[in-house]
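Single-letter residue listing:
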Amino acid sequence: MNLQARIQSKEQIKQASSIALWSILNLTFLPVLAFIILLFQLSKVDKNSLADGHLKFAIKLNLFAATALIFVSILMIALGGFNSGWTWVFVITYFVLVHTIFIVLAVWALIRAWAGNTVFKQ
């Protein structure tokens, strides 16, 4: 492997790692803001690169997480509103089970990016 390929690989790893980190931040501390930053990355990544695969995964994961959150919110309102005892059952169950799965998947993608691997083996 020549020097140019090694430099490109390190740049791709850094970019993929940054994308995976923004995905985690969107799921935890900076919802929406981090997702907007992920969307801005669409124009900055090379197609069919390591970073492109991580970006596509991150956007799909975060959209799926948002859909699940909206679904649970609608379910809470439909089954008794925010004053019902079932509200806490839905909230705790969602965050302990479902949201945790999304965060674990995002951390897994970050570890794969650090290793210079695609999100899924090809």
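Overview of the structure.

Parameters at a glance
Residues numbered from 1 in each chain as written. Predicted model: local features only at pLDDT ≥ 70, side-chain atom pairs only at ≥ 80, totals over all residues. Heavy atoms only, no water. Helix = DSSP H or I, 4+ residues; strand = E, 2+ residues; numbered from the N terminus. Buried < 20%, exposed > 50% of the residue type's maximum accessible area, 1.4 Å probe, protein only. Contact = heavy atoms within 4.5 Å. Areas by Shrake-Rupley, 256 points an atom, 1.4 Å probe, with all protein chains shown as cover. Lys, Arg positive; Asp, Glu negative; His and termini not counted. Salt bridge = Lys/Arg side-chain N within 4 Å of Asp/Glu carboxyl O. Core = buried A, V, L, I, M, F, W, Y, C linked by side-chain atoms within 4.5 Å. Axes fitted to C-alpha atoms, helices over the stretch in contact; angles between N-to-C directions. Left-handed = near helix turned anticlockwise from the far one by under 90°. Nonpolar A, V, L, I, M, F, W, Y, C, P; charged D, E, K, R; others polar. Parallel < 35°, antiparallel > 145°, perpendicular 65-115°, else oblique. Expected span 1.5 Å × (residues − 1). Phe/Tyr/Trp six-rings, centres within 6.5 Å; stacked < 30°, edge-to-face > 60°.

**Focus: the overall build of the protein**
- For the protein, the helix and strand inventory stands at 4 helices and 0 strands.
- Helices and strands in the protein line up, N terminus first, as α-α-α-α.
- Viewed in the frame of its principal axes, the protein has a C-alpha envelope of about 65 × 25 × 25 Å.
- Expressed as a percentage of the 122 residues in the protein, the buried residues total 36%.
- Of the contacts made within the protein by residues no fewer than 6 positions apart, 65% connect residues no fewer than 24 positions apart.
- As displayed, the protein has an accessible area near 8,100 Å², and 72% of this comes from carbon and sulfur atoms.

**With respect to the side chain of R112**
- Tracing the sequence through the fold places R112 in helix α4 (residues 86-114).
- No salt bridge is formed by the buried R112; the nearest opposite charge belongs to D52, separated by 15 Å.

**Some thoughts on the nonpolar core**
- By size, the foremost hydrophobic cluster in this structure holds 16 residues, and its most contacted members are L27, F57, L61, Y94, F102 and A106.
- Looking at this core, the elements with two or more residues in it are α1 (3-27), α3 (50-78) and α4.
- For F57, the residues in contact, after removing those within four places along its chain, are L105, W108, A109, V119 and F120.
- Grouped together as the second largest cluster of nonpolar side chains are 11 residues, F35, L50, A51 and I59 included.

**Remarks on the packing of helix α2 (residues 33-40) against α3**
- Look at α2 against α3: their axes get within 10 Å of each other, and the N-to-C directions meet at 145 degrees. Handedness of the crossing formed by α2 with α3: left-handed. Listed contacts from α3 to F35, L38 and L39 of α2 are L55, A58, I59, N62 and L63.
- Split into classes, the residues belonging to the contact of α2 with α3 amount to 7 nonpolar, 1 polar and no charged.

**Concerning the packing of α3 against α4**
- Viewed as axis vectors pointing N to C, α3 and α4 meet at an angle of 180 degrees, and their least axial separation amounts to 11 Å. Between α3 and α4, the angle falls in the class roughly antiparallel. The segment α3 lies against α4, with H54, F57, L61, F64, A65, A68, L69, V72, L75 and M76 engaging T87, F90, V91, Y94, V98, F102, L105, A106, W108, A109, R112 and A113.

**A short note on α3**
- Helix length check: α3 (29 residues) gives 42 Å between terminal C-alpha atoms against 42 Å at 1.5 Å per residue, within 8%.
- Positioned one or two residues after α3, G80 has a phi angle of 135 degrees, which is positive.

**Section: the packing of aromatic side chains**
- Enumeration according to the criterion identifies 5 aromatic pairs in this entry.
- Measuring from centroid to centroid gives 6.3 Å for F57 and W108, while their planes differ by 75 degrees, and the two rings are edge-to-face. Pair noted here: F57 is in helix α3 and W108 is in helix α4, with a separation of 51 residues, a long-range link.
- Judged by its relative accessible area of 15%, F57 falls in the buried class.

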